Every structure is written in structure tokens, then in C-alpha cells.
Amino acid sequence: MDNRGEVREFLMSRRARLTPEEAGLAAGSNRRVAGLRRSEVAVLADVSVEYYAKLERGSIASASSSVLESISRALRLDDTERAHLFDLARAADGVPTSGRSRKRPTAQSGARLSLQWALEAITEGVAFVRDPYQNLLATNALGRAFYSPVIGDGGRTPNLARFQFLDPASRDFYPDWDLFAEMCVGIMRAEAGRDPHDRTMQDLVGELSTRSETFRTLWGAHNVRTHGSGTKRFHHPVAGELTLAYEELAITAEPGLVLLVYTAEPGSPSAERLHLLASWSAGEDATTERRRATS
């Protein structure tokens, strides 16, 4: 991914979506663009038209924080989009985002015993560790049962993005498939902005772009988002319909990794179904252990 191209496409896409009325400007007549003109963004950001045009061509290296803040306000960027713009600027300067290490997580990053113990201590919810590339590196017992459609029987590290866009089973697992697809790509876009030279991310984006037209279209929209917290709907092949709340927590010992926990509202039908899934999982694990003992 070319940083200059990323900057250019991101700024152009944000400018195109903002109408003069939304920016507090008179629309006028004979407009050839749906969104704001470069000159209008420059006026709103209090920079010269020439300087803004230079930024939009991708020459964002050395842009000051005050200029980036002004551009963010002019384009009405939300917090995630603003952070993405700053990430792109830092990447252009060769500065790791927020001083974060550029050490790339591996499958072994989620294998620390203490981290696995922490996951297994969470018994009433689905808990798992995810890396920037959407790999599921570690799960608790309920997480393994919950994500059984994603994990499958193979030895390959399960990947949520590949499951989303390349596995037809995701259409059943995610009732709100289109929403999940947008979220997945937005999170990956935000991660990619932190290090445009990350070959692992480049390879994953290239693979998904080649094999999924939907991914390719969403990636081209340049939308970014953070996960944070919220609710999601699932349809599990064993538990049925589930509405779960999620919380995402950064793992400070492993920069780039996050811990996600899905829980159900106490006393709700989803809580009961999640409990049944836990019981089913325990039964499956017991059966597996007996088979191993007799083999």
C-alpha cells in the first residue's frame, strides 16, 4: 500500500461526502463535484489552496499537528477518522503510531500461558485474542465452541476476515452480514494506516481484494472505524440466535493484540442459549478426552 495514494484517496473520499450545506457554505450553482471543492476545504481549514492541494496529492509528511487538526475539523472527521489521518501522517514521517512498537504479532503472541489462563478464567462469556490481521490467536473454552464455524477442523490459524468474505457459512453465522463486512474492512483500514509497509497486511488485503468483489468495493471506500464496544447478532449452528454485547480491551504486553469479550444480558434468552452452548461444549470436550484415553 502506497502511503501517498492512501492519503490522497482518504482525503478525496472525505471531501466528496461532505456537502457545502453540511459545512455551512452556500452551495451555489454549476457545481461539478458532489462534495466540497479543494478551495472550500482550504478556506475552512485556514490554509492556502496550494498547500491543501499538495496535502491531497499525498504529500503529508511534515504536516504539523495544528494543520492536521484544522483539516480534520474542515472535513468533519470523527475521532476514528481523525486518528487515521494522524496515523497516515506519522507513517509518512516514518514515526511509529503513538510510539507503538512496530513488532508484528505472530501466532505465538497469543500463546503465553498467563494469557491463556486469563482467557479460561472467563467462563460466562466468549473471550478471544485477535491480532491486527483478524487472526484468532487464542480463545477460552466457550470461545472455541462459539467460533467453531470459523475455527473448523483445520490446523490453520482461523482468520475472521477470510471467514467473512470467503466462506459461505459466514452468511448464516452473521445475520447482519453487510454490517459485519463494513466493520471488518473499516477496522482493517484503520490498522493498515498505522504501517503502510506491513507486508502481512498487504498480502491479506491483496488476497481478499482478488477473491472478493465485496471486499474490494468496501476497501476502496476508505472508511475506517474502531471496534470498542456495542452489540452484535449471531446465528450459531448449535445455540441459535444470540444477541451479545462486546467489549474490546488492548493487551499492553503485546502491542497490536486485543482481547474481546462477548456477553449476554443476564436473564435474557441469549444468556440462556449461551449457557446451553457452554454445557454442550463441556460435553464435547469430555467426549474428546474419553476418545483420547481409549485410543
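The structure contained in this document is the topic of the report that follows.

Calculation notes
Residues numbered from 1 in each chain as written. Predicted model: local features only at pLDDT ≥ 70, side-chain atom pairs only at ≥ 80, totals over all residues. Heavy atoms only, no water. Helix = DSSP H or I, 4+ residues; strand = E, 2+ residues; numbered from the N terminus. Contact = heavy atoms within 4.5 Å. Areas by Shrake-Rupley, 256 points an atom, 1.4 Å probe, with all protein chains shown as cover. Expected span 1.5 Å × (residues − 1). Buried < 20%, exposed > 50% of the residue type's maximum accessible area, 1.4 Å probe, protein only. Polar contact = N/O pair within 3.5 Å; in protein donor to acceptor, adjacent residues only side chain to side chain. Phe/Tyr/Trp six-rings, centres within 6.5 Å; stacked < 30°, edge-to-face > 60°. Lys NZ or Arg CZ within 6 Å of the ring centre and 35° of its normal. Pairing = 2+ DSSP bridges. Axes fitted to C-alpha atoms, helices over the stretch in contact; angles between N-to-C directions. Salt bridge = Lys/Arg side-chain N within 4 Å of Asp/Glu carboxyl O.

Next up on the list: the overall build of the protein. Within the protein, the secondary structure is distributed over 14 helices and 5 strands. Sequence separation of at least 24 residues holds for 57% of the intrachain contacts in the protein that already meet a minimum separation of 6. Total accessible area computed for the protein in this model is approximately 15000 Å², and 50% of it derives from carbon and sulfur atoms.

With 13 residues, helix H12 (residues 199–211) ought to run about 18 Å at 1.5 Å a step, and its terminal C-alpha atoms sit 18 Å apart, in line with that. Taken together, the buried positions of H12 are occupied by Met 201, Leu 204, Val 205, Glu 207, Leu 208 and Ser 209. Of the surrounding secondary structure, the elements contacted by the buried residues of H12 are helix H9 (160–166), helix H11 (177–194) and helix H13 (213–220). At the N-terminal end of H12, a side-chain oxygen is found 3.0 Å from the backbone nitrogen of Thr 200, two or three residues along, and the residue is Asp 198.

Moving on, we get to the environment of Gln 134. Among the secondary structure elements, Gln 134 is positioned in the loop between strand E1 (126–130) and strand E2 (136–139). Taking the C-alpha atoms as reference points, Gln 134 and Phe 163, 29 residues apart in sequence, are found 9.9 Å from one another. Every residue in contact with Gln 134, bar those within four places of it in the chain, is listed here: Pro 158, Asn 159, Leu 160, Ala 161, Cys 184, Ile 187 and Met 188.

If you walk through the whole model with that rule in mind, you get 19 aromatic pairs. On the basis of an interplanar angle of 55° and a centroid distance of 6.2 Å, the ring pair of Tyr 174 and Phe 234 is categorised as tilted. On the criterion of sequence distance, the pair formed by Tyr 174 in the loop between helix H10 (170–173) and H11 and Phe 234 in strand E3 (residues 229–236) is long-range, its members being 60 residues apart. Across the pair, exposure class does not vary: Tyr 174 and Phe 234 are buried alike. The structure contains a cluster of three or more aromatic residues connected by ring pairs, namely Phe 128, Phe 146, Tyr 147, Phe 163, Phe 173, Tyr 174, Phe 180, Phe 234, Tyr 246 and Tyr 262. A cation sits over an aromatic face here: Arg 82 above Phe 86, 4.6 Å from the ring centre. Positioned above the aromatic ring of Trp 177 is the side chain of Arg 171, whose terminal nitrogen or guanidinium carbon lies 3.5 Å from the ring centre.

Here we take up the sheet that holds E3. Ordered in space as E2-E1-E5-E4-E3, the 5 strands form an open sheet in which the pairing is antiparallel. With partners counted over all chains shown, the strands left at the sheet margins are E2 and E3, one partner each. In this sheet, neighbouring strand axes are inclined to one another by 30° on average, regardless of whether the strands run parallel or antiparallel. Relative to strand E4 (residues 240–250), E3 is paired through 8 bridges, and the arrangement is antiparallel. Looking at the pairing, Ser 229 lines up with Glu 247 of E4. Most of the contacts of helix H6 (residues 113–120) go to E2, to which it runs at about 60°, and overall it touches E1, E2 and strand E5 (258–263). Helix-sheet contacts for H11 involve E1, E3 and E4, and the interaxial angle to E3 is about 130°.

Right, let's talk about unusual backbone geometry for a bit. Positive phi is not limited to glycine here, since Asp 46 has a value of about 60°. Along the chain, Asp 46 turns up in the loop between helix H2 (38–45) and helix H3 (49–56). Residues other than glycine seldom take positive phi values, yet His 222 does so here, at roughly 60°. Looking at the secondary structure, you find His 222 in the loop between H13 and E3. You can call His 222 buried: its relative accessible area is 6%.

Our focus in this paragraph is the pattern of salt bridges. Summed over the entire model, instances satisfying the criterion amount to 17 salt bridges. Between Glu 81 and Arg 17 there is a salt bridge, with its nearest N and O atoms 2.7 Å apart. Linking Glu 81 in helix H5 (residues 79–93) with Arg 17 in helix H1 (residues 3–17), this pair joins segments that are 64 residues apart in sequence. Classification of Glu 81 by relative accessible area gives buried; the value is 4%. Between Glu 207 and Arg 211 there is a salt bridge, and its shortest N-O distance comes to 3.2 Å. Taken together, the residues Glu 207 and Arg 211, both in helix H12 and 4 residues apart, mark about one turn of the helix. Each of Asp 87, Arg 90, Glu 191 and Arg 194 takes part in one network of salt bridges that share partners.

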